[in-house]
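For reference, the chains in residue letters:
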Amino acid sequence: MEMEKKVGKAGPDYGHFSSGVLRCGPQNMTLTTPDQNILLTWEDDPACLAVHDILMYELVVLIADKQVHDDKVAVTPDQIGSTHSWNWTPNLHPKCVSHSVRLSSRYKNHTSPWKQEQTQVINNRTRPEVFPKMGLFMAGSRTTFCCVLPAGEIFDKMYLTGYSSTEMNTTEINNQTYALTVDLKASNNVCTNVKCRAMSTKDNGACASIGYPPGDRDLHCETRDFQSVECLWTVGNTHLDIKSPTVYQLLGSPCADGSKGRCSQEVQVRVGEQNWTLTAQNQLGTVELTDRADLTKRVHVFAPKGVTASAVNARNVSLVWGWRVQQYNNLNITCRVNVSDGEIHTISENFGVGLNFTVLDDLIPDWTYTVMVKCGTTQHFWKWSEWSSSINFHTKGDVPDALDVWMQMTDNQTLLIWKMLLANQSYGHIIDYEVTWAHTKTPERKNRTKVAHPQDHLALSLDTTEEYIISVTARNINGSSSPSTITIPSSNPANRVNMSRILGRNGSFSLSWSASPTASCGYIVDWWPTSGESRVEWLKVPPSQTNASIFSKNVQDGLRYLLSIYACTQGAPVLLERREGYVKEKPLPEEGGLFGTLQWKQQDSDVEVSWDPISLRAQTAFIEGYILYCLDNKNNNNFAICVSTEDPEATSLTARNLQISSYTFAVKARTVFGECGTATIIATLNSPTDYLIKAVFISLVTVFGLLSLITIICYKQWACIKEKVYPPIPKPVLTDKWLTSLAFDSPKSTFRLAICFVCNEDCSRCGVKIGAVLFTWIRVITMKHISWMFQGCIVNQVHQ
Amino acid sequence: MAEQEEQQITVLDTPVPGRSRTGRAVALARLLHHECTHLLQLYKAKETFLSDHTPDGGRIVSPSPDSEEPSTEEQVQLLHAALRQCLGLLHCVILKEEEEWGELEGDYETMRKNVRGRLEHLLHSTKALAETEDTTLEVTPDHKCTEEVDGGVFGLKMWTYRVLLELIHWADHAAQTLHVLHKEREGTEEI
């Protein structure tokens, strides 16, 4: 343990003057080093009692005979004779170097001799030591740490963790003592290590807490009950640890825990401005914050207590609550109610003196709500209170809302459809639906049926030439909804409207139409796939609206929809417009045989290629036309467009003036995506001569066959035929052989014809007998005329 | 977070089916050694001045054996005594650090808590292995924490460093001693 020793007095002792005053000076000097300070105490020489004025003492501090500080202490006449003290914090820790303090008195022109005391530093260390070992330092202050090495050790280095070499300045005091001066920075660590290391690796250090005086700010004071003041502020970061806390006082009284930036004191709040003062103090300094305010204008209301739903109906509820503070009953208070139905929050606001109730309207029957309330002063609004604790209530049930009803008419039936009521429309579990229908001419004759929930449609077979009025109600435990009525029109072929095209955008159809004077109750837009795959959907718009956008998760890309716009009237809806289109076209499917199997038919040098009509389901885009490509397989050219059409209904195309060759034909449909859905077929064309030859051959074969048949029959039945056709004619008496036979013989043919001209006895009847003929195939072709008659007197000629 | 850490420790310490008691103790000692090493790394990351610090020599914990050549069982008893002192030192470190800086919740503080729990668990294992009919072993910390640490806060840090080194040393020693015991009892080196 070190000990500070007093060193003997220095300087001559003048002591004896002619005046006792001249002997006045310090005596009994004591020099100590408490903490890291230098404390000098002394007394006045009794001669000083003669001084009736201020006695000045002068001090000088030296380190190794070098002056490092000087100071003056003024002693008033009433203090003369008492013990005086002087305290100073040296730059270099007293345990690092010996400090000498010289003291003398001065009175008028007389100065006493210097008296000196010195601190002693004893070094019996075994390892380096850093001073100050610990302490609280102001961030930004320049501080000097010193390191005292044991005897015989050689200094290596000294540093603070987290500081660069340029931030530190190390100086040698003597060969055992080194000083490090640094401008301190606040850090996030609890303390900053200061380390000193000797060459022998022995080391030691200190840990310095570096921080700031309190930096608290933004003081605001308020009252909640008129009996106390509560102040809030922003707490500053001092960067000091729990050993150096900031202590708070409000209005001079300590705060229980100001570290959270909140403190309250009991005080009677009166009208009028007042200063509300908070002091924050730590070991590095003090800050005083003042808020000047009239707290009667800064009332921070407590949250309403005991919020209760006093009267619960189907669509409205009364809420009541109370106040913790009696004075609130005289305050004009505004309250906000947060009403949550589980998804949506709505806020309603009311005000009044001592407000303690409110009524909530427009609630959904058979629904659970959560509410909470917060309030504030209406005049001189300061802050909202906290939210009250939330309460739940369940509204009473009611009959369901009226249904949204529409129709879908097909050739043989009418489908009545309604939209399922949502939970916030059904007000309870739906039991069933009741549908009634009647002729408009005989409305009293109603047919009635019930449809069990959750069915949402009813198919009716109605006389399409008649008009019907249909009503639907939904029923729950509380009763039936208002009836929803629709008039089904009779079918009238005259009620045809033009069809136009529509294309959607961004996943929806946007429609607009001209207003109709008949649309007294608005318009209905319905849509369904033209392929008839699913049910119609619809929406209704008010009379003032002549446009609609159809967003539906059921509207698919690549599906053609039929959209209809109706005017809602007091009677049946009137069809205004029809449109057909896609919300988004898609390329036609390449696979699946879009065109079916192609057929082809040759007509001379033309070929007609035909296909099956493309189903609506496969038409995922508008078909603008078709293209027929031809490729002559023998010439190996590329496909060329043979012919095209812009008729989307076409089912065939004819390629003309083709060569007699083998062709590959390809058919494509043209859409907005380009050409889609290729189908091909190979056709080998035949020449026209071949056709003719074929036709003639077929004809000849047919004729030959017929003639052969006739010949056979004649041959077999010759006797009968002969009898019938050519009964025996009595042989005439002929005077000469006259035309007994005629034979044509030609080297060109084997045609033989025997013609006999004979008459009966009175030549009233004459006939020509012609023998069977046989002619060659070739000859027939060149034959110009063949005819013969079996009766009459005509001689036929056969030419070759 | 603390509960998760507790759970994790419990899961890791769950006896592996088929492992003997000595085998489990060896595994536990090795785990403790690993965690003590990690704890020191965390401490040195916090107190960077330790990177070139040479601690004073000499063990803090040095139990004296009754015989010159203690048997394996006696060595385990000695080990148990040393581990109790280690636990006491660790308790002292925690106490002093919390006095100085309060209850912090950084990585170092969390691992410090892990090591304490693991060491307590190991003490139960060594107690079970070394206890005989004649000797009853305690598992409580064996250190009074009355020492005055010189040098203020800096001195406390250097002392803490020594304690952490001590923990590493004795955890390693535990793993080796218990492995020898395991070989003798189970006839195999495999854990």
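Residues numbered from 1 in each chain as written. Chains lettered and ligands numbered in written order. Predicted model: local features only at pLDDT ≥ 70, side-chain atom pairs only at ≥ 80, totals over all residues. Heavy atoms only, no water.

### Side note on the overall build of chain B
Tallying secondary structure elements over chain B gives five helices and zero strands in all. Scanning chain B from its N terminus toward the C terminus, one meets helices and strands in the order α-α-α-α-α. Considering chain B as a whole, with its 191 residues, one finds that 43% of them fall into the buried category. Across chain B, contacts joining residues at least 24 apart in sequence account for 83% of those joining residues at least 6 apart. (Helix = DSSP H or I, 4+ residues; strand = E, 2+ residues; numbered from the N terminus. Buried < 20%, exposed > 50% of the residue type's maximum accessible area, 1.4 Å probe, protein only. Contact = heavy atoms within 4.5 Å.)

### Comments concerning the side chain of Asn-282 of chain A
Residue and element names in this part refer to chain A. Mapped onto the secondary structure, Asn-282 falls in strand β22 (residues 274-282). Overall, Asn-282 belongs to the buried group, its relative accessible area being 7%. Excluding anything up to four places from it in sequence, Asn-282 contacts Tyr-212, Pro-213, Pro-214, Thr-238, Leu-240, Pro-245 and Thr-246.

### Describing the state of the cysteines
Residues and elements named next belong to chain A. One pass over the structure, following the stated rule, counts 10 disulfides over all chains. Bridging Cys-335 to Cys-375, the disulfide has an S-S length of 2.0 Å. Judged by the sign of its S-S torsion, about 105°, the bond between Cys-335 and Cys-375 is right-handed. Of this pair, Cys-335 sits in strand β26 (residues 332-340) while Cys-375 sits in strand β29 (residues 368-377), placing them 40 residues apart in sequence. Classification of Cys-335 as buried rests on a relative accessible area of 2%. (Disulfide = S-S within 2.5 Å.)

### Some details on the pattern of salt bridges
Tallied over the entire structure, the rule returns 43 salt bridges over all chains. In this structure, Arg-125 of chain A and Glu-129 of chain A form a salt bridge, with 3.2 Å as the shortest nitrogen-oxygen distance. With a closest N to O distance of 3.0 Å, Arg-197 of chain A and Asp-156 of chain A form a salt bridge. Linking Arg-197 of chain A in strand β15 (residues 192-198) with Asp-156 of chain A in strand β12 (residues 155-160), this pair joins segments that are 41 residues apart in sequence. Here the salt bridges do not stand alone but share partners, grouping Arg-127, Asp-156, Lys-157, Lys-195, Arg-197 and Asp-203 of chain A together with Asp-52 and Asp-56 of chain B into one network. (Salt bridge = Lys/Arg side-chain N within 4 Å of Asp/Glu carboxyl O.)

### Looking at unusual backbone geometry
All names here are of chain A. Here the amide bond leading from Phe-131 into Pro-132 is cis, since omega sits at -10°, within 30 degrees of zero. Geometrically, the link from His-453 to Pro-454 is a cis peptide bond, its omega value of 15° lying close to zero. The topology assignment puts Pro-454 in the loop between β34 (447-452) and β35 (457-460). Phi is positive for Asn-506, close to 55°, though the residue is something other than glycine. By the secondary structure assignment, Asn-506 is in the loop between β39 (499-503) and β40 (508-512).

### Notes on the pairing of strand β11 (residues 142-148) of chain A
All names here are of chain A. For β11, the buried fraction is high: six of the seven residues fall into the buried class. Taken together, the three bridges between strand β9 (residues 129-131) and β11 define a ladder with antiparallel strand orientation. Its bridge partner lying in β11, Glu-129 is registered against Val-148. Where β11 and strand β14 (residues 177-183) come together, seven bridges link them in antiparallel fashion. Residue pairing across strands places Phe-145 opposite Leu-180, the latter belonging to β14. (Pairing = 2+ DSSP bridges.)

### Considerations on the confidence of the model for chain B
All names here are of chain B. Per-residue pLDDT for chain B has a mean of 88; in total, 91% of the residues score no lower than 70. Every residue in residues 1-15 is under pLDDT 50, and counting partners more than four places away or in other chains gives 12 contacts. The complex prediction reports pTM at 0.61, with the ipTM value standing at 0.83. (pLDDT = per-residue confidence, 0-100.)

### With respect to the interface of chain A and chain B
Tallying the contact residues gives 21 residues for chain A and 17 residues for chain B. Contact between chain A and chain B buries roughly 1,500 Å² in total, counting both sides, with carbon and sulfur atoms accounting for 50%. Note that Arg-197 of chain A is salt-bridged to Asp-52 of chain B, the shortest N-O span being 4.0 Å. On inspection of chain A and its partner chain B, the count reaches 10 residue pairs in polar contact (both at pLDDT 80 or more). At the level of secondary structure, the elements contributing two or more residues to the side of chain A that touches chain B comprise β12, β15 and β16 (203-211) of chain A. Of the residues forming the side of chain A that touches chain B, the biggest block, five residues, is contributed by β16 of chain A. (Buried area = accessible area lost by both parts, 1.4 Å probe. Polar contact = N/O pair within 3.5 Å; in protein donor to acceptor, adjacent residues only side chain to side chain.)

### Observations concerning the sheet that holds strand β25 (residues 317-322) of chain A
All names here are of chain A. Read from one edge to the other, the open sheet built from three strands follows the order β24-β25-β28, with strand pairing classed as antiparallel. Each edge of the open sheet carries a strand with a single partner, namely β24 (305-312) and β28 (357-360). When the angles between neighbouring strand axes are averaged without regard to direction, this sheet yields 20°. With five bridges connecting them, β24 and β25 associate as antiparallel partners. Across the sheet, the residue bridging to Val-312 is Val-317, located in β25. (Axes fitted to C-alpha atoms, helices over the stretch in contact; angles between N-to-C directions.)

### A short note on the confidence of the model for chain A
Residues and elements named next belong to chain A. Looking at chain A, pLDDT values average 86 and 87% of them are 70 or higher. Contacts from residues 1-18, a stretch scored under 50 in pLDDT, to residues over four places away or in other chains number 26 contacts. Per-residue pLDDT stays below 50 along residues 772-800; that stretch engages in 34 contacts with residues further than four places along the chain or on separate chains.

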